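So you can see what is in the structure, the chains are spelled out below.
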Amino acid sequence: MKNAMPIIVANYAKAFNINVRMQGNFAYTDGKEIVIPRLNLTDERVARLAYGYLAHEAAHVRYTNFKIVKSIRGNFTFFSLFNVLEDARIERLIGREFVGVWENLEFLRSSFDEKLIEILNKPQHPFTLIFSFISYYLCAKSQGFASQRNNAFLLFKKVKELLCAKALNRLTFFIKKAPYLKNSAAVLKLCEQIGELLSLKSSYKNKDTVSQSDLRAINGKDYLKESRFLRDDNLFAKVCLNKAEKAYVGADKSVLLNYEAAKDEGSSRDDLGLVGSCVCKEGNFRNIMAAAKDLYPLKRALMLSARAFIDKKRSGRQSHTYLDTKHLSRLFMYDDRLFLKKEIEEDFSTYVHILVDVSGSMMLKEKLSGRMRSEIACSCAYCLASALEGIDGIFCEVTFFPGFRSEYEIALKHNEKPSFVIARFDQKPRGSTPLAQALWYAIGRQQEFSCQRNIFIVITDGIPDSVKQTEKALAFAKEHSCEVYGFGIESAVGNDLFTSFAVVNDVGELPIAVFETMFMIFKKQRGMQ
C-alpha cells in the first residue's frame, strides 16, 4: 500500500464514522474530526508514522469522553497528566480491537527515541520528566512495547532523583491502573489522586524543586498562565501548547509528525483536505431528465455494446481446435465434447468510476444552447451510469468534486439505480478542483471490488488544485492496472497528466466524445492501454 495513505485515511473515516482532514503541519482531533498533517507519502517510514498516529487519534474518538477533556483543558498542567494516562488506556483498547494497529503504534513510539535523548540530556522541568516517565513506563509495562523498556528505565532513574522513595512507590502503584480503567471519568479520578500526591512538597527530595504555582496546578486548582511548567522552555510544554487550544493528542507523537511534515516540500494547495463518505445533496431531477433525452440514442448504443462485450468475455468457449477423431459422432448429438483439450475462459468483471468536476469554472455556458458546462457534464455522467446499469459484471459508481461537506461527494454507488438517485446528479458549480482527492477515493473503491478491469472516466475543465498530488494518484492507479481516461473541456492541461486524454473544444460535443471513448473501451482486449 505504498503511497496509498489517502486510501487508509478514507477507510478510517468509514470505520469510525468521522471525517479526516489531511492538511497543514499539525495533527489533532476534537472528537468529531481528525486532522493529520500533509506528509511525504513516498517515504514508507513517514507513512507508517502517520498510520500509527491516525490509529491513535481514532482511538481517542472511539474511547475518550471529550466533555471531560473540555472541562480540564484550561489547566494545562493537569491536562497534560490526564493526557498521558488516557493515551495508555485508549491505545491498549484499540490494540485489542484492531490487532493490526499495534505494530504501527509501537513504531510510532520508538521513532521518538531521538527526541527523548534531548529530554534526558538537557535540564527539564520536573513535570516533563515525570509525565514522560509515566508515558514510557506504561508503554513498556502494560502495552508490551519491548523497544521502550530501556527508555522507561532511563526515565525512571531521572524521576528517582526527584521523588522520595515513598512517593515514587505510590506513583507507580497509581499509574499501573491507568490502562485497565473503564472510561475517561475513571482516568480523571486517578489523575486527581496522582495530582494530589505530586502537589505535596514532601513528595520531593528537594522541597524547592517545584514552584508553588506548579503544585497548585498539578492538583487541578490553578490555570496554565500561573504555572511555571508552561513558561519554561521545555520540549513537552511546547509540544502540548501547540495543540492545547483545539486538540487532544499525544505530545511526543505530535512533535514527531510536525517535524516530518515540515520537511515535506509543498504548499497549502498540496493539502488533501477533508476525507469522508458524504453523499451529494439532491437537486432538481427534472433538469437531468430534460438534458438526458437528447442522449438516449448514445445511451442505448453504449448499453448494447457493453452487454455484448461482457457476454462475450464471460461466456465459456473452447480455445483449442484439435478434434478428437474418436468422438466425432457426438457432433450429431449436439455434444460439445469434441476436442482433445478444452479451456473455459475465466469469469470477467469491470469496475467503472465516473469523476465529474463541478468547480466554479464549470459555470461557463455553451454558446448555442446557453447551458452551463456542469449541466452537460452531469447529464452525461447520468446517461453513462444508466447505460451500464443492470449489466451483470459491471459495477458503476459516480463521484462529483468538490463537494459541499467534503473534497468529493458520492452521487451513485454500485448497488444503487441511477433512476432512483437522479436528483443527486443535478450539481451546481462551486469551489476549486480537488481532482487528486477524488482519484484517491476512486482507487480505494476499486480495490474493494477486485475486478479484472478498472476504468476511471474523468471530466474536468481546468488545472487541479495540486498537480503534484494528482500525479501521485495517477501513478498509483497506473501501477495497479487502472485505465484512466480524461476529458478536458476547452482545456489541454490534462495532456501532461493523463496517459489518455481528449480535449473537447465545444462543450456541447462532450457526450459524443465520452461515449465514443466508452465504445472503444468495450471493444479493447483486457490489459491494453
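Structure: see above.
These numbers were taken from a predicted model, which means no experiment stands behind them. (Residues numbered from 1 in each chain as written. Predicted model: local features only at pLDDT ≥ 70, side-chain atom pairs only at ≥ 80, totals over all residues. Heavy atoms only, no water.)

Undergrad: Would you take a moment to explain helix 9 (residues 165–175) for this structure?
TA: Counting along an α-helix, one turn takes 3.6 residues, and residues three or four places apart therefore face a common direction. Taken residue by residue, helix 9 has Ala167, Leu168, Leu171, Thr172, Phe174 and Ile175 as its buried positions. The arc that holds the buried residues of helix 9, viewed along the axis, is 160°, so those residues lie on one side. Residues of helix 9 that are exposed and point over 90 degrees away from its buried face: Ala165, Lys166 and Asn169. (Buried < 20%, exposed > 50% of the residue type's maximum accessible area, 1.4 Å probe, protein only. Helix = DSSP H or I, 4+ residues; strand = E, 2+ residues; numbered from the N terminus. Arc of directions from axis to C-beta.)

Undergrad: Is there a simple way to explain the pattern of salt bridges in this structure?
TA: Pairs may arise between side chains of opposite charge once their charged atoms sit close together. All chains considered together, the criterion is met by ten salt bridges. Here Arg373 and Glu490 are joined by a salt bridge, their closest N and O atoms 3.1 Å apart. Placement of Arg373 in helix 17 (residues 373–388) and of Glu490 in the loop between strand 9 (482–489) and strand 10 (500–504) is noted, with a sequence separation of 117 residues between them. Since its relative accessible area comes to 7%, Arg373 is described here as buried. Under the relative-accessibility criterion, Glu490 is labelled partly exposed at 47%. One salt bridge in this structure joins Arg430 and Glu409, with 4.0 Å as the shortest N-O distance. (Salt bridge = Lys/Arg side-chain N within 4 Å of Asp/Glu carboxyl O.)

Undergrad: Looking at this structure, how should I read the sheet that holds strand 5 (residues 350–357)?
TA: Sheet strands pair by backbone hydrogen bonding; their relative direction is either parallel or antiparallel. If you walk across this open sheet you meet the six strands as 7-6-5-8-9-10, and the pairing is mixed. Two strands close off the open sheet at either side, each with one partner strand: strand 7 (409–412) and strand 10. Going across the sheet, the axis of each strand differs from the next one's by a mean of 20°, ignoring polarity. Here seven bridges tie strand 5 to strand 8 (residues 453–460), and the two strands are oriented parallel to one another. (Pairing = 2+ DSSP bridges. Axes fitted to C-alpha atoms, helices over the stretch in contact; angles between N-to-C directions.)

Undergrad: Would you explain the packing of helix 9 against helix 10 (residues 184–198) in this entry?
TA: A pair of packed helices is captured by two measures, namely the crossing angle of their axes and the spacing between those axes. Across the interface, helix 9 lies against helix 10 with an axial gap of 10 Å and an inter-helix angle of 170°. By the angle between their axes, helix 9 is roughly antiparallel relative to helix 10. Listed contacts from helix 10 to Ala167, Arg170, Leu171, Phe174 and Ile175 of helix 9 are Leu190, Gln193, Ile194 and Leu197. Here the residues of the contact of helix 9 with helix 10 sort into seven nonpolar, one polar and one charged. (Parallel < 35°, antiparallel > 145°, perpendicular 65-115°, else oblique. Contact = heavy atoms within 4.5 Å. Nonpolar A, V, L, I, M, F, W, Y, C, P; charged D, E, K, R; others polar.)

Undergrad: Would you mind showing me how to read unusual backbone geometry here?
TA: Glycine aside, a negative phi is what most residues show, and trans is what most peptide bonds show. A cis amide bond links Phe401 to the next residue, Pro402, at an omega of -5°. Note on placement: Pro402 falls in the loop between strand 6 (394–401) and strand 7.

Undergrad: I tried to follow the nonpolar core on my own but got confused; where do I start?
TA: In a soluble, globular protein the nonpolar side chains are often hidden away together inside. Membership of the largest hydrophobic core comes to 51 residues, with the highest contact counts inside it found for Ile354, Val398, Phe400, Phe425, Ile457 and Leu510. If one sorts the elements of this core by residue count, helix 17 sits on top with eleven residues. Those residues in contact with Phe425 that lie beyond four places of it in its chain are Ile288, Cys378, Ala381, Tyr382, Val398, Phe400, Ala411, Leu412 and Pro418. Counting residues in each nonpolar core, the second largest holds 47 residues, with Leu85, Ala88, Ala167 and Leu197 among its members. (Core = buried A, V, L, I, M, F, W, Y, C linked by side-chain atoms within 4.5 Å.)

Remember that the coordinates give geometry; whether it matters functionally is a separate question.
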